[in-house]
Amino acid sequence: MPDDVLVDAHALHLNGMGLRKKFIVNVDVAGLYVEHQSKEASAILSTDETRRVDMRMLRDLDAATIVDAVRTGFEKNAKAQLPALQERLDTFCKLIPAVKKGQTLTISYVPGKGTSISGAGGSTVITGKDFADALFSVWIGKVPVDDSLKKGMLGAS
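Residues numbered from 1 in each chain as written. Predicted model: local features only at pLDDT ≥ 70, side-chain atom pairs only at ≥ 80, totals over all residues. Heavy atoms only, no water.

Draft legend 1. Spotlight on unusual backbone geometry. Here the phi dihedral of Asp8 falls at roughly 50°; this positive angle occurs in a residue that is not glycine. Positionally, Asp8 belongs in the loop between β1 (4-7) and β2 (10-22). Even without being a glycine, Ala9 presents a positive backbone phi close to 70°. By the element assignment, Ala9 lies in the loop between β1 and β2. Exposure remark for Ala9: the relative accessible area of 71% places this residue in the exposed category. (Helix = DSSP H or I, 4+ residues; strand = E, 2+ residues; numbered from the N terminus. Buried < 20%, exposed > 50% of the residue type's maximum accessible area, 1.4 Å probe, protein only.)

Printed below as a string of structure tokens:
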């Protein structure tokens with residue numbers, strides 16, 4: 001993954017990256033890009049700055065599998081906020097495409113604009129920092145989708 005990317009005229013730096021596994025199968029390599037690097041998830045989530053996750057697929061995944069992982073991560077990390085986020089989560093999940101091995105799925109948050117997902121065949125943006133925080137918590141929250149992936153994304157591995 002590149003060391004730096006540009007999102008909506010904001011220079012982002014690779015905070016860290018890691019491998020996500022499901023059982024013994026490698027699923028994807030994911031990188032977290034931020035304006036100001038940190039090894040603390042709380043510092044990244046508490047700032048209202050542009051951030052991005054790139055997931056380079058190591059196998060084919062249908063949209064339903066990705067949606068299930070996102071919904072599970074939301075429930076584990078933002079259960080108390082779920083009533084306020086549910087409608088936006090449902091809209092976001094409809095945008096998630098199936099991905100093939102070698103493709104990259106990109107999720108970006110831009111303050112004042114919202115969260116978008118690449119490859120979704122549209123330009124829908126999900127508003128709210130609260131939504132972005134809950135979504136990024138899927139990877140770096142208290143109950144991440146994969147502990148070793150979280151460590152890698154936070155530059156700790």
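Structure shown, so let's carry the discussion forward.
Draft legend 2. Representation of the packing of aromatic side chains within the structure. Scanning all chains against the criterion turns up three aromatic pairs. For the ring pair Phe136 and Trp139, a centre distance of 5.9 Å and an interplane angle of 70° mean the geometry is edge-to-face. Note that Phe136 and Trp139 are positioned in helix α4 (residues 129-140) at a spacing of three residues, about one turn of the helix. Here Trp139 falls in the buried class, since its relative accessible area comes to 5%. (Phe/Tyr/Trp six-rings, centres within 6.5 Å; stacked < 30°, edge-to-face > 60°.)

Draft legend 3. Main features of a nonpolar patch on the surface. Taken together, the side chains of Phe23, Ile24 and Val25 define a hydrophobic patch exposed on the protein surface, amounting to about 400 Å² of accessible area. Its location among the elements puts Phe23 in the loop between β2 and β3 (25-34). Relative accessible area serves as the criterion here: at 76%, Phe23 is assigned to the exposed category. (Patch = residues over 30% accessible without salt bridge, like charges linked within 9 Å, V, L, I, M, F, W, Y side chains within 5 Å. Areas by Shrake-Rupley, 256 points an atom, 1.4 Å probe, with all protein chains shown as cover. Salt bridge = Lys/Arg side-chain N within 4 Å of Asp/Glu carboxyl O.)

Draft legend 4. Fine view of the packing of helix α2 (residues 63-78) against helix α3 (residues 82-95). The interhelical angle for the contact between α2 and α3, taken along N-to-C directions, is 165°, at an axis separation of 11 Å. Here α3 runs roughly antiparallel to α2, going by the angle between their axes. Considering the relative orientation of α2 and α3, their crossing is right-handed. Taken together, the residues of α3 that come into contact with α2 (itself represented by Val67, Val70, Arg71, Phe74 and Ala78) are Leu82, Leu85, Gln86, Leu89, Asp90 and Cys93. Classifying every residue of the contact of α2 with α3 gives eight nonpolar, one polar and two charged. (Axes fitted to C-alpha atoms, helices over the stretch in contact; angles between N-to-C directions. Parallel < 35°, antiparallel > 145°, perpendicular 65-115°, else oblique. Left-handed = near helix turned anticlockwise from the far one by under 90°. Contact = heavy atoms within 4.5 Å. Nonpolar A, V, L, I, M, F, W, Y, C, P; charged D, E, K, R; others polar.)

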